[in-house]
Every structure is written in structure tokens, then in C-alpha cells.
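Examination of the molecular architecture
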Amino acid sequence: MKAYITRRYVFPASHRLHTAALTEAENYELYGKCNHPHGHGHNYGLYVTVSGQVDPATGMVCNLTDIDAFVQREVLDAFDHQNLNELDAFHEKVPTTENLCLEIEGILRRGFTAARVEEVRIQETRKNSFATVAPGAGARRELS
Amino acid sequence: MIYLTRRADFSASHYYHNPAFSPEENQRVFGKCCNLNGHGHNYTLEVTVKGEVDATTGFVVDLKDLKLLIEREVTDAMDHRHLNKEVPEFQSQNPTTENLAIVIWNRIHPKLKVAKLHRVRVYESEDLYADFYGEA
């Protein structure tokens, strides 16, 4: 039987939305308060969804210790309590939560092999969340 | 098409163990979850059904019926119970969050007469939930 497991991780980080491709005035018009010069922060809620067949011997899609260890090492150690603008990953990209989502999705797809990575969702605030979805998500994407 | 989700809570205890594994293997695979005295969670269940709205009643499904179905098939059987010792489906498999979603789907699906079961989601905690969409 195919099941999906979603694990939540919370990490605080700061960012500022600003691009060298626009003037100061254009940046402020585009990004508004997200362009304030000293940045601001969020408690990012990272939701990682993986899927696979439930192993009849264990009852698990994958061992939570495996996904926790991978996310800690490859994601949280890099982003937790950091200023995203200062990280190599955002040297040439604006650290919008869209881009953060894509960056973390890329890390998982390249390195996590214990189950299929279905979705990476980031809750930036209570009002905003962003998600990437695996190709061929099918019926599951009707409602998440 | 409307998707309707009903939520229910239940508190239960469980442990993870495979009698075919050695004690060392059980410890390695299941960690602190293999304590045979068990431990507990406040589970949250979300049952999502889908269907068209009935022109007369305005319902996708009568919520009173859905609520009773969940109470009979899930809450009455699992709330304030030890899943390994008191729920028959868990005598031969671990009551993981994944297996809970599948077992609850199998209990509800055949008895849902109006609307179609779309998803069963079980939260073991705020940090972990499992979804089952009835896929083999």
C-alpha cells in the first residue's frame, strides 16, 4: 500500500528581498516592507512529504530517523538561525520563500533516497505558504 | 466537486515491535518507540470525502452520518485504548501512523454510502502526519 508521510521542521531565519537588477525605488515598489534595509525574520515551517510502499515488516514508508538526520545535516545546519541573504545558495537569487522552497527541494531530490520526495512546503507566516510538487502527483494534488 | 473534511481526536498508546527481529534489530530500527510498555499520543484524524452537492439538501454528505461513522469505526475502537493490544488489525502489524491511516481507510471506506472517500490523514503529532488515498 502506498502512503505519504509529512514531517515538519521549524527553523528561524532572516532575509531581505532586494535585487541589484532594479533601482532602490523599484525595489521598494516591488517588495514593499520586505525590502526594509536591515531585513526581517520568520519562523519558517518546513513540511517535507515523501511517499512509498509501507514496509510490512516495519509499518513505515521510511524510517523517520533517516529523514530527520538528512534534513538536519543538509538543510537545518545550513539555514537555521542564518541570514539567508549571506548564504552561497542566495548569492545570485533573491531569497524569496519560493526560491527557498526550490533550493530545499533540490537538496532533497539530489540526496534523499530512502523514499520518493513528493512535496516541499514552507509556511512563511500564518497567511503565506509555498509548495513544490513532484511531477505526476495525480489525484493527490486535488487537495493537499 | 466539493471536498469536505471532518476532524476527530483520539488518545491512544502503542509501541513498535517486530517479533521476527532480534532485540538489537528492534532497538536499531524502532529506537525508543520499541519500549514494550508503550507510549502515547494525542492523535488527530482528518477524513476527507468528495462529491457533488445535493440540490435538495445542499449537502455533500450529512455530517451527522459522517460523524457517527467515524465515532463507531475509529473513536469507539481506538480512543483511550492500547492500539497493539485492543485493536485487532494491530495484532499482526505495527500501529505506525501510516498503518493507522490505512486501517482507518479500510474501516470507513466500505461503510461510506454517500460521497467518495478521498483521503485519510492521521497526525501523530504536530510534526508528523500520514496520508492514505486508497492507492495500492
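Above this note sits the structure.
Residues numbered from 1 in each chain as written. Chains lettered and ligands numbered in written order. Predicted model: local features only at pLDDT ≥ 70, side-chain atom pairs only at ≥ 80, totals over all residues. Heavy atoms only, no water.

Let us look at the overall build of chain B. A count of helices and strands for chain B gives 4 helices and 5 strands. In chain B, the succession of α and β elements from N to C terminus is β-α-β-α-β-α-α-β-β. Considered along the principal axes of its C-alpha atoms, chain B spans approximately 60 × 30 × 25 Å. Per-residue burial over chain B gives 49% buried out of 136 residues. Considering only contacts in chain B between residues 6 or more positions apart, those separated by 24 or more positions represent 68%. Total accessible area computed for chain B in this model is approximately 7,000 Å², and 49% of it derives from carbon and sulfur atoms. (Helix = DSSP H or I, 4+ residues; strand = E, 2+ residues; numbered from the N terminus. Buried < 20%, exposed > 50% of the residue type's maximum accessible area, 1.4 Å probe, protein only. Contact = heavy atoms within 4.5 Å. Areas by Shrake-Rupley, 256 points an atom, 1.4 Å probe, with all protein chains shown as cover.)

A few words on the interface of chain A and chain B. Contacts between the two partners involve 25 residues from chain A and, on the opposite side, 25 residues from chain B. Here chain A meets chain B over a buried area of about 2,300 Å², counting both sides, of which 51% is carbon and sulfur. At the surface where chain A touches chain B, the tally comes to 2 salt bridges. The residue R8 of chain A makes a salt bridge to D127 of chain B at a minimum N-O spacing of 2.8 Å. Counting across the chain A and chain B interface gives 12 residue pairs in polar contact (both at pLDDT 80 or more). Going through the elements one at a time, β1 (2–15) and β2 (40–53) of chain A are the ones with two or more residues in the side of chain A that touches chain B. With 7 residues, the top contributor of residues to the side of chain A that touches chain B is β1 of chain A. In terms of residue class, the side of chain A that touches chain B is built from 13 nonpolar, 6 polar and 6 charged. (Buried area = accessible area lost by both parts, 1.4 Å probe. Salt bridge = Lys/Arg side-chain N within 4 Å of Asp/Glu carboxyl O. Polar contact = N/O pair within 3.5 Å; in protein donor to acceptor, adjacent residues only side chain to side chain. Nonpolar A, V, L, I, M, F, W, Y, C, P; charged D, E, K, R; others polar.)

We now examine the side chain of R121 of chain B. All names here are of chain B. Among the structural elements, R121 can be located in strand β4 (residues 116–125). For R121, a relative accessible area of 6% corresponds to the buried category. A distance of 2.7 Å separates a polar atom in the side chain of R121 from a polar atom in the side chain of D131.

A few words on the packing of helix α2 (residues 64–79) of chain A against helix α3 (residues 97–111) of chain A. All names here are of chain A. Following both chains from N to C, one finds α2 and α3 inclined at 150 degrees, their axes separated by 10 Å at the closest point. One element, α2, and the other, α3, form an angle in the roughly antiparallel class. Taken as a pair, α2 and α3 cross one another with a handedness that is right-handed. Side by side, α2 and α3 meet where F70, V71, E74, V75 and F79 of the first sit next to L100, E103, I104, I107, L108 and G111 of the second. Split by residue class, the contact of α2 with α3 holds 8 nonpolar, 1 polar and 2 charged. (Axes fitted to C-alpha atoms, helices over the stretch in contact; angles between N-to-C directions. Parallel < 35°, antiparallel > 145°, perpendicular 65-115°, else oblique. Left-handed = near helix turned anticlockwise from the far one by under 90°.)

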